[in-house]
Amino acid sequence: MTYMPQLDRRSFLAGSAAAGFSFGFAIPSSGDALAQGAASGGAAPEVNAWVVIRPDDTVVIRIARSEMGQGTLTGLAQLVAEELECDWSKVTTEFPTPGQNVARNRVWGDFSTGGSRGIRESHDYVRKGGAAARMMLIEATAREWKVPAAECKAENSVITHAPSGRSIRYGQVAAAAAKIEPPKDVKLKDPKDWKIAGKPLKRLDTADKVVGKMVYGIDVKLPGMLSAAILDCPVFGGKLKSFDAAAIQSMKGVRKVVPVDDTAVAVIADTWWQAKTALEKLPVVWDEGANGKVQQADIDKMLAGGLDAEQAFVGNQNGDVKAALAGAARKIEAVYSYPYQHHVTMEPLNATAVYAAERCEVWTSTQNGEAALAAVIAASGLPADKCEVHKTFLGTGFGRRGRSDYVDQAVKIAKQMPGTPIKLLWSREEDMAHGSYHPITQCRLTAGLDDKGNLSALHMRISGQSILAGLFASRLAGGKDPAVFQGLNASGETSLGYSVDNLLIDHAMRNPHVPPGFWRGVNVNQNAIYVECFIDELAHATGQDPLAFRLELMDKHPKNRAVLQAVADRAGWGKPAPAGVHRGIAHFMGFGSYVAAVSEVSLSGDGKLKIHRIVAATDPGHAVNPAQIERQIEGSFVYGLSALIYGECTVKDGRMEQLNFDTYEVMRLREMPKVESIIMPSGGFWGGVGEPTICVAAPSVLNAIFAATGKRFRTFPLKNHGISMA
Amino acid sequence: MVSLSVNGKAHDIDVDPDTPLLWVLREQLGLTGTKYGCGIAACGSCTVHVDGEAVRSCAMPVSAMEGKKVVTIEGLAVDGVLHRVQQAWVDLDVPQCGYCQAGMIMAVAALLNATPKPTDAQIDEAITNVCRCGTYPRVRAGIHHAAANA
Ligand code: FES
Ligand code: FES
């Protein structure tokens, strides 16, 4: 189908304008579009919380989750439109605000966008929203025509009554439908009857992105706005001792130098460039505290201690691992580790805040609008109904924008200049110095094999950092962080795809002072490397084919088997690869989806690695938009492989050493392998899309490198082993 | 005072001459389509055209623009008709978050000016912009698509 994407920003603005906030600011726009959008949007009543239909038949679908590139906005709109039976070419979207959600008793549910949950945890109620709106449109029409609703049919934004030959457009009946009592019993379509959902439709949000009009948080501009640059103590946990504002006060554009909490200092200036330039000249004294002496080697040693520790939290256990290992014909052991990683969101962190005694509003790119609102309420000290957050599009999030630390700071800065809107933007260096780092872990795997080479026992000891302990200590279960065991659990949405008679997977929690966070794929990244590379080691050590060895252990895991077999078949596993090319295989489960990959690599004598092709498969249960799933698979591989090859944040004197792309390299276009995706939804469940596949990229490449060289790399990134990209 | 031409319009701007072009575009001229990603010429988000060549504007003092013609993503479409690279991006649904794409599109447009039908090797060589979303396969396809539509 040929489809011109609609603009989202107009309706976003329309929503904001209609709500009539006291500051009355709107973000900049391209002129007439705003006026028209606001006019028609303001006039059209909503059919229900999810659907607004304008007289010109434009369908505005409300999207509660954030859009950071993952395509959830389009997927959710497809699900609503499917049930609404509307004309897809007339669909546009808008983000309700977190404040509206609070005021309306959370009618839009959860705003939080992470853990690949955007669609899989809201598909039911958004589809019901679309279906209910359709039923109300039909009911309104039936009443007007005085015919039974059952005789009316809705299709492509038109309701027809076959017996009388009448028809009416949605735009003509929407106002009447808005007054209809919402239906109580709403039935959803069988996914096999889908016409809009399940189809590889193009994104709804492309048009503005190719002409530079899409408004991200960093682009927000308000009348009279000033800009702020910030410097937080580079040592995590350190404090701000003093700063000499007088030294920079006379620099051009500088308005004010302010402390932020007891850890940071910000310069407010006419432009951000002036603020940043002045901040660099500001004399600051820090109290670095004891953390200022921590080195990476100390952290590594702390984790190594956990590998042998007595106390550990058990994540998955069956049989008697100790006895089985003691009695095994052969024992194999390996220790792996995975370093700190940084999100490096393409758009550096920012938030624009305006504070006055009676009101505080923030414009920002956030993955969690409601958490951002909570941060505004807390930092401003104002009641909830006096605070608001306006969500913009995100220049990526990857989990980093689930935290609201930058929102908190923006409000605290704005509070020191009441009435003036201030945009806080972190420099890239500030961003990399104050991340929510992918946690660091080490892992010792010990396998017991019988005399035929069958795996009889497996002990997997993880030592390292807990994200929950760092971010939400209240969610620990008796001290244990269940998220550590992603992909390793006995059952559930992130379970281990193998059955081993005697199994123990446990975690010795070791929390260095570096703040951890959720990073695309979270703990499946390293857990998949640990399991899938070690299983590969076992296969090779016992002279077995890595695929066959895995399948032996997967009798009880048919869905894991299916994706694994699919990539093996497509890649030609067992058949010769092109000359000089070697294959590696891996599979895993994460975020409710089953994923697998075969990578094909070659490695020259001088360490030049080329990843030629990756065949990937995913079974996400339902595939709402296969075209976007393909893009997420490719994108997740770029993210995961960037980390494998280049990614590492290391601590020196208590602070991070890597502060920009020059020291934290990422993959570029020329390094990108060909990716062939197999999307094989088996139905009956809803799995995630943005994250699951990330975890099979690294182990499949590592296993291919072993096949090519006989070398097993167990510490990362690969650049530390003299490997570079061909 | 610095004089420069941006998207065909002449500007005299009262700004510290060391200010990078990127920030003059974004803050003085309100052209926020050009993005900040690193500030050290390492990611390409801030790519614009200076006299037809792709330039990373974050590391380019505005004073060096005196008498030069700057084109930004906002000026790439002519009379509302998308440049063929922009059209290819729409046709193939290239952007994910889109944040890097203004720079990506400007880099690609400059490549196609110099090399109308680039080979994959030439693309590898010329397009070094970072895309954290990982749109690289679509970018490559988009370049070939745009080249074919010349
Ligand atoms: S912002 Fe200029 S190259 Fe990154
Ligand atoms: S499209 Fe998001 S960073 Fe490139």
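Residues numbered from 1 in each chain as written. Chains lettered and ligands numbered in written order. Predicted model: local features only at pLDDT ≥ 70, side-chain atom pairs only at ≥ 80, totals over all residues. Heavy atoms only, no water.

Novice: What is the right way to read the overall build of chain A from this model?
Specialist: Tallying secondary structure elements over chain A gives 18 helices and 28 strands in all. Expected size for 726 residues packed as a compact globule is a radius of gyration near 27 Å; at 27 Å, chain A falls within 12% of this value. Its C-alpha atoms give chain A principal-axis dimensions of about 80 × 80 × 50 Å. Residues classed as buried in chain A amount to 64% of the 726 residues present. A separation of at least 24 residues holds for 77% of the contacts in chain A among residues at least 6 apart in sequence. Total accessible area computed for chain A in this model is approximately 24700 Å², and 52% of it derives from carbon and sulfur atoms. Placing the 79 positive and 76 negative side-chain charges of chain A at their respective mean positions leaves the two points 2 Å apart. (Helix = DSSP H or I, 4+ residues; strand = E, 2+ residues; numbered from the N terminus. Rg over C-alpha atoms; globule rule 2.2 N^0.38 Å. Buried < 20%, exposed > 50% of the residue type's maximum accessible area, 1.4 Å probe, protein only. Contact = heavy atoms within 4.5 Å. Areas by Shrake-Rupley, 256 points an atom, 1.4 Å probe, with all protein chains shown as cover. Lys, Arg positive; Asp, Glu negative; His and termini not counted. Charge placed at Lys NZ, Arg CZ, Asp CG, Glu CD.)

Novice: When you look at the interface of chain A and chain B in this model, what are you seeing that I'm missing?
Specialist: As a measure of interface size, the accessible area lost when the parts come together is often cited. Taken residue by residue, the interface counts 56 residues in chain A and 51 residues in chain B. Together chain A and chain B conceal approximately 4400 Å² of surface at their shared face, both sides included; 58% is due to carbon and sulfur atoms. Remark: the boundary between chain A and chain B carries 32 residue pairs in polar contact (both at pLDDT 80 or more). Those elements giving two or more residues to the side of chain A that touches chain B turn out to be α7 (272–281), α12 (428–433) and α17 (626–645) of chain A. (Buried area = accessible area lost by both parts, 1.4 Å probe. Polar contact = N/O pair within 3.5 Å; in protein donor to acceptor, adjacent residues only side chain to side chain.)

Novice: What exactly am I supposed to notice about the sheet that holds strand β19 (residues 441–449) of chain A here?
Specialist: Picture the strands of a sheet paired through backbone hydrogen bonds; they go either parallel or antiparallel. Residues and elements named next belong to chain A. Strand order in the open sheet made by the five strands is β13-β21-β20-β19-β14, with mixed pairing throughout. Only two strands of the sheet have a single neighbouring strand rather than two, namely β13 (313–318) and β14 (330–338). Pairwise comparison of adjacent strand axes, ignoring direction, gives a mean angle of 10° for this sheet. Note: β13 against strand β21 (residues 502–509), five bridges, orientation antiparallel. Across the sheet, the residue bridging to Q317 is L504, located in β21. Docked against the sheet, helix α8 (residues 296–307) engages β14, β19, β20 (455–464) and β21, running at close to 30° with respect to β19. Strands in contact with helix α14 (residues 524–541) are β14, β19 and β20; relative to β14, the strand with the most contacts, it is inclined by about 150°. (Pairing = 2+ DSSP bridges. Axes fitted to C-alpha atoms, helices over the stretch in contact; angles between N-to-C directions.)

Novice: Honestly, the pairing of strand β15 (residues 350–356) of chain A in this entry has me stumped. Any pointers?
Specialist: Successive side chains on a regular strand alternate, one facing one side of the sheet and the next facing the other. Residue and element names in this part refer to chain A. Of all the seven residues making up β15, seven are buried; the element is thus mostly covered by neighbouring parts of the structure. A two-sided burial pattern is seen for β15, the buried positions comprising N350, T352, V354 and A356 on one face and A351, A353 and Y355 on the other. Two strands pair when backbone bridges link them, and β15 and strand β18 (residues 422–425) are joined in this way by four bridges, in the antiparallel orientation. By the bridge assignment, A351 is partnered in β18 with L424. Pairing of β15 with strand β16 (residues 359–364), which is carried by six bridges, proceeds in the antiparallel orientation. Within β16, the residue paired with Y355 across the bridge is C360. In textbook terms, the turn of a hairpin is the stretch between consecutive antiparallel strands, and for β15 and β16 this stretch comprises two residues.

Novice: Would you explain the pairing of strand β11 (residues 264–269) of chain A in this entry?
Specialist: Residue and element names in this part refer to chain A. Burial runs high along β11: six of the six residues are buried. A two-sided burial pattern is seen for β11, the buried positions comprising A264, A266 and I268 on one face and V265, V267 and A269 on the other. Two strands pair when backbone bridges link them, and strand β8 (residues 226–232) and β11 are joined in this way by six bridges, in the antiparallel orientation. Note on β11: the bridge partner recorded for S227 is A269. Note: strand β10 (residues 254–260) against β11, six bridges, orientation antiparallel. Bridged to K256 within β11 is I268. In textbook terms, the turn of a hairpin is the stretch between consecutive antiparallel strands, and for β10 and β11 this stretch comprises three residues, one of which, D261, has a positive phi near 50°.

Novice: Honestly, the packing of aromatic side chains in this entry has me stumped. Any pointers?
Specialist: Ring pairs (aromatic) are described by centroid distance and by the angle formed between their planes. Applying the stated criterion across every chain, the model contains 16 aromatic pairs over all chains. On the basis of an interplanar angle of 35° and a centroid distance of 5.9 Å, the ring pair of W50(A) and Y125(A) is categorised as tilted. With W50(A) in the loop between β1 (46–48) and β2 (51–53) and Y125(A) in helix α5 (residues 123–145), this pair connects stretches of sequence that are 75 residues apart. An aromatic cluster is built from W272(A), W273(A), W23(B) and Y36(B), whose rings are joined through pairwise contacts. Across from the ring centre of Y639(A), 5.9 Å away, lies the NZ or CZ of R520(A), which sits over that ring. Just above the ring of F706(A) sits the side chain of R712(A); from NZ or CZ to the centre is 4.2 Å. (Phe/Tyr/Trp six-rings, centres within 6.5 Å; stacked < 30°, edge-to-face > 60°. Lys NZ or Arg CZ within 6 Å of the ring centre and 35° of its normal.)

Novice: Where do I start with the domain arrangement of chain A in this structure?
Specialist: All names here are of chain A. What the domain assignment reports for chain A is domain 1 (9–208), domain 2 (217–289 + 349–425) and domain 3 (296–341 + 437–725). Here the C-alpha centre of domain 3 lies 38 Å away from the C-alpha centre of domain 2. Counting residues at the interface gives eight residues for domain 2 and 13 residues for domain 3. Buried surface at the junction of domain 2 and domain 3, both sides included, amounts to about 840 Å², of which 64% is carbon and sulfur. On the domain 2 side of the interface with domain 3, the three residues burying the most area are F236, F398 and R403, jointly 71% of the side's total. If you look at where domain 2 meets domain 3, you find one salt bridge. R655 is paired through a salt bridge with E288; the nearest N and O atoms lie 2.8 Å apart. Connecting domain 2 to domain 3 are two residue pairs in polar contact (both at pLDDT 80 or more). Looking at the side of domain 2 that touches domain 3, its residues break down into four nonpolar, one polar and three charged. (Domains from an automatic or database assignment. Salt bridge = Lys/Arg side-chain N within 4 Å of Asp/Glu carboxyl O. Nonpolar A, V, L, I, M, F, W, Y, C, P; charged D, E, K, R; others polar.)

Novice: Hey, could you run me through the domain arrangement of chain B in this one?
Specialist: All names here are of chain B. Each assigned domain of chain B is listed with its residue range as follows: domain 1 (2–75) and domain 2 (84–148). Taking only C-alpha atoms into account, the centre of domain 1 sits 21 Å from that of domain 2. The interface of domain 1 with domain 2 comprises 17 residues on the first partner and 14 residues on the second. Roughly 1100 Å² of surface becomes buried between domain 1 and domain 2 when both sides are summed, with 58% attributable to carbon and sulfur atoms. Three residues stand out in domain 1 for area buried against domain 2, namely T47, H49 and I73, and they jointly supply 40% of the buried area on that side. Linking domain 1 with domain 2 are zero salt bridges. Here domain 1 and domain 2 share six residue pairs in polar contact (both at pLDDT 80 or more) between them. Here the residues of the side of domain 1 that touches domain 2 sort into seven nonpolar, seven polar and three charged.

Novice: What exactly am I supposed to notice about the nonpolar core here?
Specialist: Nonpolar side chains tend toward joint burial in soluble globular proteins. One finds L641(A) and W89(B) to be the most contacted residues of the largest nonpolar core, which totals 221 residues. In terms of residue count, the dominant contributor to this core is α14(A) (10 residues). (Core = buried A, V, L, I, M, F, W, Y, C linked by side-chain atoms within 4.5 Å.)

Novice: What exactly am I supposed to notice about the environment of P578(A) here?
Specialist: Relative to the assigned elements, P578(A) resides in the loop between α16 (558–571) and β22 (582–590). Separated by 22 residues in the primary sequence, P578(A) and E600(A) place their C-alpha atoms 9.3 Å from one another.

Novice: Help me understand helix α10 (residues 369–380) of chain A in this model?
Specialist: Each α-helix turn comprises 3.6 residues. Residues three or four places apart therefore point the same way. Residue and element names in this part refer to chain A. For α10, which comprises 12 residues, the first-to-last C-alpha distance of 16 Å matches the rise-based estimate of 16 Å (1.5 Å per residue) to within 8%. Among the residues making up α10, those that are buried are G369, E370, A372, L373, A375, V376, A379 and S380. On its buried side, α10 packs onto α4 (98–103), β15, β16, β17 (387–391) and α11 (405–414). Taken from the residues just after α10, G381 is the one with a positive phi, measuring 75°. (Expected span 1.5 Å × (residues − 1).)

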